[in-house]
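# Observations on chain architecture
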2 protein chains.
Amino acid sequence: MVESSGLPADAFCAKCPTRQVLDHIAGKWTVLIVDALLSDGTMRYTELARRIEGVSQKMLTQTLRALETDGFVTRTVHPTSPPHVDYTLTPLGHSLAEPITALRRWTETHINDIERARAAARPLPPTGAGLR
Amino acid sequence: MVESSGLPADAFCAKCPTRQVLDHIAGKWTVLIVDALLSDGTMRYTELARRIEGVSQKMLTQTLRALETDGFVTRTVHPTSPPHVDYTLTPLGHSLAEPITALRRWTETHINDIERARAAARPLPPTGAGLR
DNA sequence: CCGAATCCTGATAGATACTG
DNA sequence: CAGTATCTATCAGGATTCGG
């Protein structure tokens, strides 16, 4: 597996472009956006905003633009009033959707085990999950 | 699939614990750490630091602790001098490794398509994908 | 009204230095 | 060796604003 700069794709190497892409994909909202578009086909901006609870307009726009430049979604503006913007997955986006859906599914399936592990790990967690 | 609080697991719902877990898993370093532990079995702190280029000590520690409380890795301290700490995947961690590895593999496989899309999208920045 | 850009502020990642 | 403490740069989120 060799990419255009002639080096092997290796996500463990900080320099490899794979790393940047992985960082995008691993982003908080990417999983949910791609997943939503996979199940619904084409969605409008506000449909996505409503579907993905808790996302801000800023992050939604920002993530969608990143997905667009990476070639995962296409953005179609209908010059109507009120404005109408459609987002849909490209073939590349569809192929990305597979591992991404697998990840969300895994999480939903194993949430019980994880919550049990959390309870067992720390019998008294007040706040601040990280180290501080 | 119903979790302990009696609600269906739904990552699209902001309240669902699945969301928090997904945020962890989708974190920048989690993918690389779990993946490294999968291939190497057991690794020491500095082995992980060396393997995963670009990770800071802070983020490595923080991510490892999160993985530990979520039940994905076990942390074993050998009371020797110098200190010796081993990290290894739990069975739950192993099962998580499958979708995570799939994601990294996908990225490494499709990096060509993505870079092509990026070049086509805008003759400008690769990483500054945010809106400005 | 929808989609998005801007400004402001609190949280978070990262670099560096220090410690048992 | 394996972290911790601290400081700083960066980024996410909220509110507001704007253009069609």
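We now turn to the structure provided with this report. Not measured: the values here are computed from a predicted model.

With that out of the way, let us pick up the packing of helix α5 (residues 91-121) of chain A against helix α5 (residues 91-121) of chain B. Where α5(A) contacts α5(B), the axes come no closer than 10 Å and their chain directions differ by 165°. Overall, the two elements α5(A) and α5(B) adopt an arrangement that is roughly antiparallel. Considering how the two elements wind past one another, α5(A) and α5(B) form a crossing that is left-handed. Between α5(A) and α5(B), the residues in contact are A:Leu92, A:Ser95, A:Leu96, A:Pro99, A:Ile100, A:Ala102, A:Leu103, A:Trp106, A:His110, A:Asp113 and A:Ile114 and B:Leu92, B:Ser95, B:Leu96, B:Pro99, B:Ile100, B:Ala102, B:Leu103, B:Trp106, B:His110, B:Asp113 and B:Ile114, respectively.

So, about the protein's contact with DNA strand D. Looking at DNA strand D, there are 22 residues lining it, with A:Lys58, A:Met59, B:Thr46, B:Arg75 and B:Tyr87 nearest. A share of 62% of the atoms of DNA strand D within 4 Å of the protein falls on sugar and phosphate groups. A distance of 3.4 Å is found between a phosphate oxygen of DNA strand D and a side-chain nitrogen or oxygen belonging to A:Lys28. Contact between DNA strand D and A:Lys58: a base oxygen at 2.6 Å from a side-chain N or O atom of the residue. Where the surface near DNA strand D is concerned, the elements lending two or more residues are α4 (57-69) of chain A together with α3 (45-51), α4 (57-69) and β3 (84-89) of chain B. For the surface near DNA strand D, the class distribution of residues is nine nonpolar, seven polar and six charged.

Residues and elements named next belong to chain A. As paired elements, strand β1 (residues 42-44) and strand β3 (residues 84-89) share three bridges and run antiparallel to each other. From the neighbouring strand, threonine 42 faces β3, where its bridge partner is threonine 88. Across six bridges, the pairing between strand β2 (residues 73-78) and β3 is antiparallel. Bridge pairing in β3 places valine 73 opposite leucine 89. Hairpin remark: β2 followed by β3, antiparallel, with five residues in the connecting loop.

For the rest of this paragraph, the subject is the interface of chain A and chain B. Between chain A and chain B, the contact holds 61 residues from the first and 61 residues from the second. Between chain A and chain B lies a buried interface of about 5500 Å² when both sides are counted; carbon and sulfur atoms form 69% of it. In this assembly, chain A and chain B are joined by three salt bridges. The salt bridge involving A:Asp23 is made with B:Lys28; its shortest N-O contact spans 3.9 Å. Linking chain A with chain B are 14 residue pairs in polar contact (both at pLDDT 80 or more), by the criterion used here. Of all the secondary structure elements, the ones that give two or more residues to the side of chain A that touches chain B are α1 (17-25), α2 (30-40), α4 and α5 of chain A.

Each of the two chain copies can be generated from the other by rotation about an axis followed by a shift along it. Mapping chain A onto chain B calls for a screw motion: a turn of 180° about the axis and a shift of 0.0 Å along it, with 0.1 Å RMSD after fitting. Accordingly, the operation relating the two chain copies is best matched by a two-fold axis. Across chain A, the smallest distance between a C-alpha and the rotation axis is recorded for A:Ala26, namely 2.2 Å. With an isologous cut-off of 70% or more, the 95% of interface residues of chain A that recur at the interface of chain B puts this contact in the isologous class.

Attention shifts here to the sheet that holds β3(A). All names here are of chain A. Taken in spatial order, the three strands of this open sheet run β1-β3-β2, and their pairing is antiparallel. Sheet topology places β1 and β2 at the edges, where each strand pairs with a single neighbour. Each strand axis lies, on average, 25° off the axis of its neighbour in the sheet, ignoring direction.

On to the nonpolar core. Nonpolar side chains in soluble globular proteins tend to be buried together. Formed by 67 residues in total, the largest nonpolar core has its most connected members in A:Leu48, A:Phe72, B:Leu48 and B:Phe72. B:Phe72 has contacts with A:Trp106, A:Ile114, B:Ile25, B:Leu67, B:Thr88, B:Leu89, B:Thr90, B:Leu92, B:Gly93 and B:Leu96, leaving out every residue within four places of it along the chain.

Going through the model one piece at a time under the given rule, you end up with eleven salt bridges over all chains. For B:Arg118, the salt bridge identified is with A:Asp70, shortest N-O distance 2.6 Å. Of this pair, B:Arg118 sits in helix α5 while A:Asp70 sits in the loop between α4 and β2, which puts the two residues in different chains. Exposure class is identical for B:Arg118 and A:Asp70. Each is buried. Salt bridges sharing partners connect three or more residues here, namely A:Asp35, A:Arg104 and A:Glu108.

About the thresholds
Residues numbered from 1 in each chain as written. Chains lettered and ligands numbered in written order. Predicted model: local features only at pLDDT ≥ 70, side-chain atom pairs only at ≥ 80, totals over all residues. Heavy atoms only, no water. Axes fitted to C-alpha atoms, helices over the stretch in contact; angles between N-to-C directions. Helix = DSSP H or I, 4+ residues; strand = E, 2+ residues; numbered from the N terminus. Parallel < 35°, antiparallel > 145°, perpendicular 65-115°, else oblique. Left-handed = near helix turned anticlockwise from the far one by under 90°. Contact = heavy atoms within 4.5 Å. Near = heavy atom within 4 Å. Polar contact = N/O pair within 3.5 Å; in protein donor to acceptor, adjacent residues only side chain to side chain. Nonpolar A, V, L, I, M, F, W, Y, C, P; charged D, E, K, R; others polar. Pairing = 2+ DSSP bridges. Buried area = accessible area lost by both parts, 1.4 Å probe. Salt bridge = Lys/Arg side-chain N within 4 Å of Asp/Glu carboxyl O. Least-squares fit on C-alpha atoms with pLDDT ≥ 70 in both. Core = buried A, V, L, I, M, F, W, Y, C linked by side-chain atoms within 4.5 Å. Buried < 20%, exposed > 50% of the residue type's maximum accessible area, 1.4 Å probe, protein only.

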